[in-house]
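# Structural overview
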Amino acid sequence: PTRGKQQTTDHPPIHPVDAPSKKLGTDQEKIYELICRRFFATLAKDAISETTEVWLDISGETFTVSGYRLIEANWKHLYPYFKEKRKQIPELVSGENIEVVKITLKKDMTKPPQRYTQGALIIKMEQLSLGTKSTRHEIISKLYSRKYVMGGTPIPTSTAIAVVDALINCDVVKPKMTAKLEADMNDIAEGKKTLQETVKESRQMLTKVMVELEPEKEKIKENINNAVKAQNTIGPCPKCGKSLMVRVSKKGKRFVGCTGYPDCKNTYSLPQQGGLTMTTKACDACNAPIVQVKLKGRRSWDLCINPECPKKKKKIEKTV
Ligand SMILES: [Zn+2]
Ligand SMILES: [Zn+2]
């Protein structure tokens with residue numbers, strides 16, 4: 001077990017202080033168990049294992065295999081969440097002849113990397129020294145609330161892409177700059193740097209960025225405006241063919257309206273609760289646009305915005 005590479009001074013690691021006095025809920029119990037197990041594991045003895053590397057020569061081609069055998073589990077007994085992929089292999093002696101039982105030819109492709117999950121993003125941020133343990137998840141939820149990303153596995157929206165395009169050449173968006181600021185703040189805390197020094201440096205850096213961005217102001221504004229519009233556009237109006245857009249009424253209620261207004265008065269109501277994501281999909285029953293609705297704590301679902309949709313009628317008939 002390890003106590004981590006870094007000593008955190010701002011937020012001490014989470015640890016159990018007592019046994020729960022009453023029965024915990026399922027999720028709470030799971031988290032409590034995880035924290036306790038983790039805590040005890042840090043105090044346990046190192047695990048002892050044996051690994052074997054084998055090189056096999058089959059008709060002049062070299063094949064390798066690695067084996068793993070756990071001798072003393074120790075901390076792994078307390079914290080059994082790591083899955084060992086390597087298997088235990090039979091004992092072999094160098095130079096031994098073994099029988100080839102089966103040969104299979106496998107064709108595969110190198111797969112592109114998958115999207116970052118929220119968990120993987122937090123690890124990446126840690127590697128780049130962005131944020132602190134207590135702010136990283138907040139940074140990610142801000143990306144959601146400001147509609148820079150959508151979906152369970154975050155996907156950038158057109159607004160996010162426009163903002164990044166506008167700022168890509170500026171130091172402010174480089175992880176290096178944020179990491180430097182974090183390091184500076186640590187240095188201030190430890191008395192290695194003064195507040196004034198750091199503020200002065202940051203000002204100079206930001207001034208430089210502003211000077212660079214100022215002449216581009218109008219262009220950036222236009223690009224971002226267009227991106228926001230694209231993000232709120234949800235396909236063609238079935239009545240007039242112009243684009244449908246998410247709008248907010250005077251009373252603050254969101255709805256879908258036609259960009260052909262006032263000539264076309266076609267509107268659809270939207271659920272007022274939860275996150276909305278526009279899709280490019282159209283309903284297979286009525287051709288009206290589909291939006292994705294996400295309520296807190298629930299899986300997102302596709303919703304046809306047409307209240308007259310034949311699919312919905314079927315559902316109602318069934319439930320009656
Ligand atoms: Zn219309
Ligand atoms: Zn429909």
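Each remark here, short or long, concerns the structure printed above.
These lines cover the structure that appears in this document, whether it is placed above or below. (Residues numbered from 1 in each chain as written. Chains lettered and ligands numbered in written order. Predicted model: local features only at pLDDT ≥ 70, side-chain atom pairs only at ≥ 80, totals over all residues. Heavy atoms only, no water.)

## A word on the overall build of the chain
Scanning the chain from terminus to terminus reveals nine helices and 11 strands. Taken against the 2.2 N^0.38 rule, which gives 20 Å for 320 residues, the C-alpha radius of gyration of the chain at 28 Å runs more than 25% over that of a compact globule. When its C-alpha atoms are laid out on the principal axes, the chain stretches across 85 × 65 × 60 Å. Relative to its full complement of 320 residues, the chain shows a buried share of 19%. Nonlocal contacts in the chain, meaning residues at least 24 apart in sequence, comprise 37% of its contacts between residues at least 6 apart. A total of about 25300 Å² of accessible surface is found on the chain, and carbon and sulfur atoms cover 56% of it. (Helix = DSSP H or I, 4+ residues; strand = E, 2+ residues; numbered from the N terminus. Rg over C-alpha atoms; globule rule 2.2 N^0.38 Å. Buried < 20%, exposed > 50% of the residue type's maximum accessible area, 1.4 Å probe, protein only. Contact = heavy atoms within 4.5 Å. Areas by Shrake-Rupley, 256 points an atom, 1.4 Å probe, with all protein chains shown as cover.)

## What about the coordination of the zinc ion (ligand 1)?
Note on the zinc ion (ligand 1): its protein donors are Cys-237 (SG), Cys-240 (SG), Cys-258 (SG) and Cys-264 (SG). The metal-donor distances range over 2.3 to 2.4 Å. Donor residues binding the zinc ion (ligand 1) come from one chain and are separated in sequence as C-x2-C-x17-C-x5-C. Of this pair, Cys-240 sits in the loop between strand E5 (233–236) and strand E6 (243–248) while Cys-264 sits in the loop between strand E7 (254–258) and strand E8 (267–269); the two residues are 24 residues apart in sequence, bridging distant segments of the chain. Here Cys-240 falls in the partly exposed class, since its relative accessible area comes to 38%. (Donors = N, O, S within 2.8 Å, 3.2 Å for Na, K, Ca; no water.)

## Brief notes about the sheet that holds strand E10 (residues 289–294)
Taken together, three strands build an open sheet; the order of strands is E9-E10-E11 and the sheet is antiparallel. Across the chains shown, the open sheet's two edge strands, defined by having one partner strand only, are strand E9 (275–282) and strand E11 (301–304). Mean inter-strand twist for the sheet, computed between neighbouring axes without regard to direction, equals 35°. Relative to E10, E9 is paired through five bridges, and the arrangement is antiparallel. Across the sheet, Gly-275 pairs through a bridge with Lys-294, a residue of E10. (Pairing = 2+ DSSP bridges. Axes fitted to C-alpha atoms, helices over the stretch in contact; angles between N-to-C directions.)

## Here's the deal with the pairing of strand E1 (residues 48–58)
The pairing of E1 with strand E2 (residues 61–72) spans 11 bridges and is antiparallel. Bridged to Glu-50 within E2 is Arg-69. The hairpin formed by E1 and E2 contains two residues between the paired strands, and Ser-59 there has a positive phi angle of roughly 50°.

## Details of the sheet that holds E8
Pairing within the open sheet is antiparallel, and its four strands lie in the order E5-E6-E7-E8. Edge positions in the sheet fall to E5 and E8, since each has one partner strand and no second. In this sheet, neighbouring strand axes are inclined to one another by 30° on average, regardless of whether the strands run parallel or antiparallel. Sheet topology note: the E6/E7 ladder contains five bridges and is antiparallel.

Limitation: the analysis is restricted to geometry and does not speak to function.
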